[in-house]
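Structure at a glance
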Amino acid sequence: MASLSLRKIYKKYAGNVLAVQDFNLEIKDKEFIILVGPSGCGKSTTLRMIAGLEEITEGELYIGDRLVNDVAPKDRDIAMVFQNYALYPHMTVFENMAFGLKLRKVPKDDIKKRVEEAARILDITHLLDRKPKALSGGQRQRVALGRAIVREPKVFLLDEPLSNLDAKLRAQMRTEISKLHINLGTTFIYVTHDQTEAMTMADRIVVMKDGIIQQVNTPQKLYDAPCNMFVAGFIGSPQMNFIDAELKKKKDGNTYVEFAGFSIKLPEEKAELKKVVQAVEEEKPVVMGIRPEHLHNEDFYMERLKDSVIKADVEVTELMGAETYLYLDIEGNKFTARVKPTTGIMPGDKIEIAIDPERINIFDKETETTICN
């Protein structure tokens, strides 16, 4: 098994186009790391550099203690699973899974043993004699995973492996891949633009934008304490609500966040933070962020948070089964609230809704960096 170290990695294309810049990351042995970000952010390029399919322009890549910048892909002891599965159509499932081992001149008995073991783990033993055209998308994905497993690599690289599957199968395969990671005890590096995949599977998430790492942390810490507005908006579905605001210290000695004609008192522990005090003193324009689940309309919250109740117009409601999304207009600002399905609120209703001050995020409007979570 192997740890990885990416040190000051850059990828430049013709015309001085920077696809990845100053990428620094230490990946522990057996860790499940997910690179996430919008299309074109450099996550797949980074994965391909680890695989050796793209040349590193600058920086050093270590797998274990070995510098691999100039090592051929086949000698890096990695296995890659591609988005389009890349199966050979004229070969059976068994032959597809065995192909890489045959090239390496692995003995036939050993190949048979490894393929059958991988097929058992992935529950595709009954498919070994079929060809790819006779398989469903989910079965093809399992074969692609099986082909990687038989190589017994130190590192698995997975490039958006579930993007071609339907929603139900994607959810099922997420679980399968997580179980596979535990059973194999191998380092997994996984690329996706789907933050649900990232939140449910990763030990740590690397959030990227424009080729630059924005933040690296566990899913929960990224969700609770994003370092800037991009991470706050990218992680979480529906995304965090943002609204232009001001921080004001009033005569009662408390600090308030003011927006759209409303004023909400910040909890003392937030108000006393150095960055908050500085923003108040410098009268910095700020952005308030609040997640949809921290807007409440139940009587218990309306009573407990009576000092942070605001008025809103309901534009659209979406019943999701276990919850309802309310799309609100608050003095021309669009908000989303996540409430119980029994709420009975309809489009066109005028409602009151309570914001939990403990859950307010404040961002610097100019730099978009976090002032407080």
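Up top is the structure these notes are about.
Figured I'd write up the structure that's included with this text. Because the structure is predicted, anything quoted here is derived from the model rather than measured. (Residues numbered from 1 in each chain as written. Predicted model: local features only at pLDDT ≥ 70, side-chain atom pairs only at ≥ 80, totals over all residues. Heavy atoms only, no water.)

Looking at the overall build of the protein
Within the protein one finds 11 helices and 21 strands. Per-residue burial for the protein yields a buried fraction of 48% across its 373 residues. A fraction of 66% describes how many contacts in the protein between residues 6 or more apart in sequence connect residues 24 or more apart. Just so you have it, the protein exposes about 18,400 Å², and 48% of that area is on carbon and sulfur atoms. (Helix = DSSP H or I, 4+ residues; strand = E, 2+ residues; numbered from the N terminus. Buried < 20%, exposed > 50% of the residue type's maximum accessible area, 1.4 Å probe, protein only. Contact = heavy atoms within 4.5 Å. Areas by Shrake-Rupley, 256 points an atom, 1.4 Å probe, with all protein chains shown as cover.)

Observations regarding the packing of helix 2 (residues 93-103) against helix 3 (residues 108-122)
Their axes nearest at 10 Å, the elements helix 2 and helix 3 cross at an angle of 135 degrees. The orientation of helix 2 relative to helix 3 falls into the category oblique. Helix 3 is crossed by helix 2, and the crossing has right-handed handedness. When helix 2 is examined against helix 3, the residues Phe94, Met97, Ala98, Leu101 and Lys102 are found in contact with a partner set consisting of Ile111, Lys112, Arg114, Val115, Ala118 and Ala119. The residue inventory of the contact of helix 2 with helix 3, partitioned by class, reads 8 nonpolar, no polar and 3 charged. (Axes fitted to C-alpha atoms, helices over the stretch in contact; angles between N-to-C directions. Parallel < 35°, antiparallel > 145°, perpendicular 65-115°, else oblique. Left-handed = near helix turned anticlockwise from the far one by under 90°. Nonpolar A, V, L, I, M, F, W, Y, C, P; charged D, E, K, R; others polar.)

Here we look at the packing of helix 2 against helix 4 (residues 137-149)
The N-to-C vectors of helix 2 and helix 4 enclose an angle of 30 degrees; their axes lie 8 Å apart at closest approach. By the angle between their directions, the pair helix 2 and helix 4 is classed as roughly parallel. Between helix 2 and helix 4 the crossing geometry is right-handed. Contacts between helix 2 and helix 4 involve Val93, Asn96 and Met97 from the former and Val143, Gly146 and Arg147 from the latter. Broken down by class, the residue content of the contact of helix 2 with helix 4 amounts to 3 nonpolar, 2 polar and 1 charged.

Considerations on the sheet that holds strand 7 (residues 155-159)
Here 6 strands make up an open sheet; going across it, the order is 6-7-8-3-9-10 and the pairing mixed. Looking at which strands have only one partner, the edges of the open sheet turn out to be strand 6 (78-81) and strand 10 (212-217). Direction aside, the axes of adjacent strands within the sheet are offset by 15 degrees on average. Relative to strand 8 (residues 187-192), strand 7 is paired through 5 bridges, and the arrangement is parallel. Bridging across to strand 8, aspartate 159 finds its partner in valine 191. The strands touched by helix 4 within the sheet are strand 6 and strand 7, with strand 6 carrying the most contacts at an inclination of about 175 degrees. Contacting strand 3 (32-36), strand 7 and strand 8, helix 5 (residues 167-184) runs over the sheet at an angle of about 160 degrees to strand 8. (Pairing = 2+ DSSP bridges.)

As for the packing of aromatic side chains
As enumerated under the stated definition, the model contains 8 aromatic pairs in all. Relative to phenylalanine 99, the ring of tyrosine 88 has its centre 5.0 Å away and its plane inclined at 65 degrees; by these criteria the two rings are edge-to-face. Of this pair, tyrosine 88 sits in the loop between strand 6 and helix 2 while phenylalanine 99 sits in helix 2, and the two are 11 residues apart along the sequence. The class for phenylalanine 99 is partly exposed, based on a relative accessible area of 26%. Relative to phenylalanine 262, the ring of phenylalanine 259 has its centre 6.1 Å away and its plane inclined at 45 degrees; by these criteria the two rings are tilted. No difference in accessibility class separates phenylalanine 259 from phenylalanine 262, as the two residues are buried. In this structure an aromatic cluster arises from ring pairing among Phe32, Phe156, Phe188 and Tyr190. One residue, lysine 250, lies across the ring of tyrosine 256, its end atom 4.6 Å from the ring centre. (Phe/Tyr/Trp six-rings, centres within 6.5 Å; stacked < 30°, edge-to-face > 60°. Lys NZ or Arg CZ within 6 Å of the ring centre and 35° of its normal.)

Digging into helix 5
Under the 1.5 Å per step criterion, the end-to-end length of helix 5 is 26 Å for 18 residues, consistent within 8% with the ideal 26 Å. Along helix 5, the positions that sit buried rather than exposed are Met173, Arg174, Ile177, Ser178, Leu180 and His181. Projection of helix 5 onto a plane perpendicular to its axis shows the buried side chains occupying an angular sector of 160 degrees, all on one side. Among the exposed residues of helix 5, those pointing more than 90 degrees away from its buried face are Lys168, Ile182 and Asn183. Contacts from the buried residues of helix 5 go to strand 3, helix 3, helix 4, strand 7, strand 8 and helix 6 (195-201). (Expected span 1.5 Å × (residues − 1). Arc of directions from axis to C-beta.)

Observations regarding the side chain of glutamate 197
Inspection of the secondary structure puts glutamate 197 in helix 6. Despite its burial, glutamate 197 pairs with no opposite charge; the closest candidate is arginine 170, at 4.4 Å N-O. (Lys, Arg positive; Asp, Glu negative; His and termini not counted. Salt bridge = Lys/Arg side-chain N within 4 Å of Asp/Glu carboxyl O.)

Details of the sheet that holds strand 11 (residues 241-249)
With antiparallel pairing, 6 strands are arranged side by side in an open sheet as 13-12-11-14-20-21. Each edge of the sheet is formed by a strand with only one pairing partner; in this case those strands are strand 13 (262-265) and strand 21 (370-372). Averaged over all neighbouring strand pairs, the angle between strand axes comes to 40 degrees, with direction disregarded. The pairing of strand 14 (residues 285-290) with strand 20 (residues 361-364) spans 4 bridges and is antiparallel. Following the sheet pairing, valine 286 is matched in strand 20 by aspartate 364. Those strands touched by helix 10 (residues 274-281) are strand 11, strand 12 (255-259) and strand 21, and its axis lies near 105 degrees from that of strand 21.

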